[in-house]
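Per-entry structural report
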Amino acid sequence: LKSDERFLKSIGNTFLYSIINVFLQITFSLILSICLNTKIKFKRAIRTILFIPYVCSTVAIAIMWKWVFDYNYGILNDIFTYFNLDPINWLRNSKTAMSVIIIMSVWSGLGFNMILYSAALGSISKTYYEAAEMDGASKLQQFFHITLPQLKPISFYLIIMGFIGSLQSFANFQIMTPDGGPNDSTLTMGFRVYQVAMGDDANIPGWGMGYASAMGWIVGLIVIVFVVLYFYFNNRKDND
């Protein structure tokens, strides 16, 4: 495994994807849930629309986004051409391929996090905010000293589950960039295991099931680490 440069690169790609994907999902879902927690019209309809991508097939979503970013007939490049801008080969450029998949992943997973955050926000007692207002605390101070601390349990849960899900991502990468992207820029651990197991790598003769199993164990051990961390911190919180 140490000599497999593609697998080593897939580890870096996976963690890069996981960190950025989870950070953006948590940030935007929290912002959306706070906005939707106010008195606005069509609140339920907006939540439903934002949640729909989460329950849709990953394959269908990946195909849709691949069409949006396609170089020849993608709607995004059509817009660029309309404004006399040069089209971009989004999925065949090592600088943009991973970003495209991250955008798709954030969009599709945003609704789930938003729903959980909305439920958590609704469970925070209003007396905290009333007391803070009486003490002269601003809205920003209330957010950092009341809202965020009260959301710590659900935030930690979403971060851990987000990392576990990101580490196992496969279908979106396989459909958007079937060959691992330019210069292996979108090659993840799960995708690399698939390549070796299915014989897609010309450097590994035959069906490398044994080699793929070894890589699968590494992926599984990393996931186990995150699970152990979750239960450790969760149990410590309960004991406190």
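Here, the structure is the one placed above.
Predicted, not measured: the structure shown is a model, and the values here were computed from it.

To continue, consider the packing of helix α1 (residues 5–36) against helix α5 (residues 97–122). Contact geometry for α1 and α5: axes closest at 6 Å, N-to-C directions at 40°. The orientation of α1 relative to α5 falls into the category oblique. Judged by the sense of rotation from one axis to the other, the crossing of α1 with α5 is right-handed. Class assignment of the residues belonging to the contact of α1 with α5 gives a composition of 17 nonpolar, nine polar and no charged.

Turning to the environment of A120, a few remarks are in order. Following the sequence through the fold, A120 ends up in helix α5. When the C-alpha atoms of A120 and S33 are compared, they prove to be 9.5 Å apart, with 87 residues separating the residues in sequence. With sequence-adjacent residues up to four places away left out, A120 is seen in contact with L151 and I154.

Let us now look at the packing of helix α6 (residues 126–134) against helix α7 (residues 139–150). It is at 10 Å that the axes of α6 and α7 come closest, and there the two elements cross at 150°. As far as their axial angle goes, α7 and α6 are roughly antiparallel. Between α6 and α7 lies a crossing of right-handed hand. Judged by residue contacts, Y128, Y129, A132 and E133 of α6 engage K139, Q142, I146, T147 and Q150 from α7. Looking at the contact of α6 with α7 residue by residue, the class counts come to four nonpolar, three polar and two charged.

It is worth spelling out the nonpolar core at this point. Membership of the largest hydrophobic core comes to 29 residues, with the highest contact counts inside it found for Y117, I124, L151, I154, L167, M189 and F226. Of all the elements in the fold, those that place two or more residues in this core are α1, α5, α6, α8 (152–167), α10 (189–197) and α11 (209–239). With seven residues, α11 is the largest single contributor of residues to this core. Discounting residues that sit within four places of it in the chain, L151 has contacts with L30, Y117, A120, L121 and I124. Counting 21 residues, the second largest nonpolar core, distinct from the first, contains I61, M98, I101 and F173.

Another point: helix α3 (residues 58–68). When α3 is considered as a whole, its buried residues turn out to be I61, A62, W65 and V68. Buried residues in α3, looked at end-on, bunch into an arc of 115°, giving them a common side. Each element contacted by the buried residues of α3 is listed here: α2 (43–55), α4 (75–82), α5 and α9 (171–176). The N-cap residue of α3 is S57: its side-chain oxygen and the backbone nitrogen of V59 are 3.2 Å apart.

We now examine unusual backbone geometry. Even without being a glycine, N84 presents a positive backbone phi close to 60°. As for its placement among the helices and strands, N84 is situated in the loop between α4 and α5. Look at D184: it is not a glycine, yet its phi comes out positive at around 60°. The topology assignment puts D184 in the loop between α9 and α10.

Quick notes on the rules
Counting restarts for each chain, with residues numbered from 1 along the sequence as it is written. Whole-chain, interface and lining totals are the exception, using all residues; otherwise, since this is a predicted model, local features are given only for residues with pLDDT of at least 70 and side-chain atom pairs are given and counted only at 80 or more. By convention in this description, side-chain values take in all heavy atoms of the structure and omit both hydrogens and water. Axis definition: a line fit to C-alpha positions, over the contact stretch in the case of helices; interaxial angles, taken between N-to-C directions, run 0 to 180 degrees. Strands here are runs of E lasting at least two residues and helices are runs of H or I lasting at least four, both read from the DSSP assignment and numbered beginning at the N terminus. Every angle not falling under 35 degrees, over 145, or within 65 to 115 is termed oblique; those three ranges are roughly parallel, roughly antiparallel and roughly perpendicular. For any pair of crossing helices, the crossing counts as left-handed if the nearer helix is rotated counterclockwise from the farther one by less than a right angle, and right-handed if it is rotated clockwise. For this classification, the nonpolar set comprises Ala, Val, Leu, Ile, Met, Phe, Trp, Tyr, Cys and Pro, the charged set comprises Asp, Glu, Lys and Arg, and every other residue, Gly included, is treated as polar. Contact criterion: two residues are considered in contact whenever any of their non-hydrogen atoms come within 4.5 Å of each other. Put simply, a nonpolar core is a bunch of buried Ala, Val, Leu, Ile, Met, Phe, Trp, Tyr and Cys residues held in one set by side-chain atoms that sit within 4.5 Å of each other. Each residue is assigned to one of three classes by its accessible area relative to the maximum for its type, calculated with a 1.4 Å probe on protein chains only: buried under 20%, partly exposed between the two thresholds, exposed over 50%. The directions from the helix axis to the C-beta atoms form the arc being described. Polar contact criterion, stated in full: a pair of N or O atoms within 3.5 Å, where within protein one must be able to donate a hydrogen and the other to accept it, and residues adjacent in sequence count only if both atoms are side-chain atoms.

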